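# A closer look at the structure
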Amino acid sequence: MAKNKKVGSIAVPYLITIFVGILIIGGGTFFFLRHFGILGGEKELSEPSPRDIVTTTYQDNHTILFILDEPSQKCSSTFIVLRSVPKDKKLIFLSIPANTIALIDGEQKGIKSCYEQGGAGEAVNFAETVLGIDIDRYMKLDSNAYVKICDILGGVTYPISEDIAGFNGDGSEQYLNSEQIDKLTTYALFRGGEYERSYTASSLLARMVNQSDLVRVSDSFDNSFNSIVNMTDTDITAVDYKKYKTAIKTMLERGNGNSIATGLVLDGDDADSDYIPSQGFINDFKDKYYTQYEGK
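Please read these numbers as outputs of a predicted model, since none were measured by experiment.

Along the polypeptide, Ile160 turns up in the loop between strand E7 (156-159) and strand E8 (173-176). In this structure Ile160 comes out as buried when scored by relative accessible area, which is 2%. As for Ile160 and Gly171, which are separated by eleven residues in sequence, their C-alpha atoms are 4.8 Å apart. Excluding residues that lie within four positions of it along the chain, Ile160 makes contacts with Phe167, Asn168, Gly169, Asp170, Gly171, Ser172, Gln174, Leu176 and Leu184.

This is the structure:
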C-alpha cells in the first residue's frame, strides 16, 4: 500500500508539469505565428460593395412623335404620339388620324397638310398645339425602319376583321410577322376609314410591347437604338439617348410580363372627309398623362 501511494504522489505532479508545459509552449507558438501573420490576426471588416441603385423619377418622362411615311403604299402617313412614364411603367401610344384638322391662330390646318408642306417639325407643332402638350422629339420611319422595330419587338397576335389578302379576316386572333404588321398599318380601305386605321396602328404597337420579352428587348436596347436611328430621320441625339436610356431599360425589365403599353386614338367627329378632335378627350388625356406630373 505504501508503494502505491508513493507512485500516485509522484504521478500527479508529473502530469501537472506536462500540462503546464504544453500550455506555455503552445501559447508561445500561437503568439509567434500570429505575430508574423502566419495565422492572421483580427482584421477590420471590409466595406460592403456599393449596390447600384437605379432611381427613376417623373423627370424621366418624355414624348416622341412617330411618323410612318410610306408613299409606295398609297396611304396617308401615320402619326403616333408616344408618351413614356418610366417610373409608373407606362407607355401610351396615341394615334392622330391623318385627316385631323383644327383651327390654329384663326386658320384651319390639318396634320397631314402641315407635314407635307413643312415636314416633321410642322407636324410636331400641330400636335403640340392641338393636344396642348410638349413633344420632345420626332422620328420619321419608312417601311424598312418600321419593320425593323417590329422585328425587335417580335411580332404580335392580333384579331383581323378586314378582308385583306394574307389575313384570315374573320375577327379571330392571328399571329402577324413584321411585314404583315406593316401591311395592316398602311391598309387604306378600312371600313371605319382613317379613324379605324389610326386606332389599329396604335393598338398594334401597344400589343407588340405587351406581348414582347421586354428583358430581351432591354438587353439589346443599345444596339437596337443605334440601328433604328441610323435608318430614320430624327432629331433624337446621343445625348437624349444617354439621358433616358437607364430609365427606359429599367422600365422594360421591371415591366416584363405586364401590360405596360396602352393604345389610344384621338377621339372626335367626322366632318365630311375631315376629322375634328374632341376637346373633352384632349383634356382628359392631358390631365391623366401630363398635368398630374407637373412639378414632380
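With twelve residues, helix H3 (residues 120-131) ought to run about 16 Å at 1.5 Å a step, and its terminal C-alpha atoms sit 16 Å apart, in line with that. Taken as a whole, H3 has its buried residues at Ala120, Ala123, Val124, Phe126, Ala127, Val130 and Leu131. Considered in projection along H3, the buried side chains sweep an arc of 160° and stay on one side of the axis. Among the residues trailing H3, Gly132 stands out with phi positive, at a value near 70°.

It is worth spelling out the pairing of E8 at this point. Burial along E8 is one-sided: the residues Gln174 and Leu176 are buried and none of Glu173 and Tyr175 is. Both E7 and E8 contribute to a ladder of four bridges, which runs antiparallel. Counterpart to Val156 in the pairing with E8 is Leu176.

The topology assignment puts Thr232 in the loop between helix H8 (221-229) and strand E9 (233-234). Within the structure, the side chain of Thr232 is placed 3.2 Å from the backbone oxygen of Ile228, a separation counted as a polar contact. With sequence-adjacent residues up to four places away left out, Thr232 is seen in contact with Met139, Lys140, Leu141 and Ala145.

All right, on to the sheet that holds strand E6 (residues 137-141) then. Spatial ordering of the open sheet is given by E9-E6-E1-E2-E3-E10, a layout of six strands whose pairing is mixed. Looking at strand neighbours, the two that pair on one side only are E9 and strand E10 (261-265), the edges of this open sheet. Pairing analysis gives seven bridges linking strand E2 (residues 78-85) to strand E3 (residues 90-96), with the strands arranged antiparallel. Opposite Arg83, over in E3, you have Ile92 as the bridge partner.

Calculation rules
Residues numbered from 1 in each chain as written. Predicted model: local features only at pLDDT ≥ 70, side-chain atom pairs only at ≥ 80, totals over all residues. Heavy atoms only, no water. Helix = DSSP H or I, 4+ residues; strand = E, 2+ residues; numbered from the N terminus. Buried < 20%, exposed > 50% of the residue type's maximum accessible area, 1.4 Å probe, protein only. Contact = heavy atoms within 4.5 Å. Expected span 1.5 Å × (residues − 1). Arc of directions from axis to C-beta. Pairing = 2+ DSSP bridges. Polar contact = N/O pair within 3.5 Å; in protein donor to acceptor, adjacent residues only side chain to side chain.

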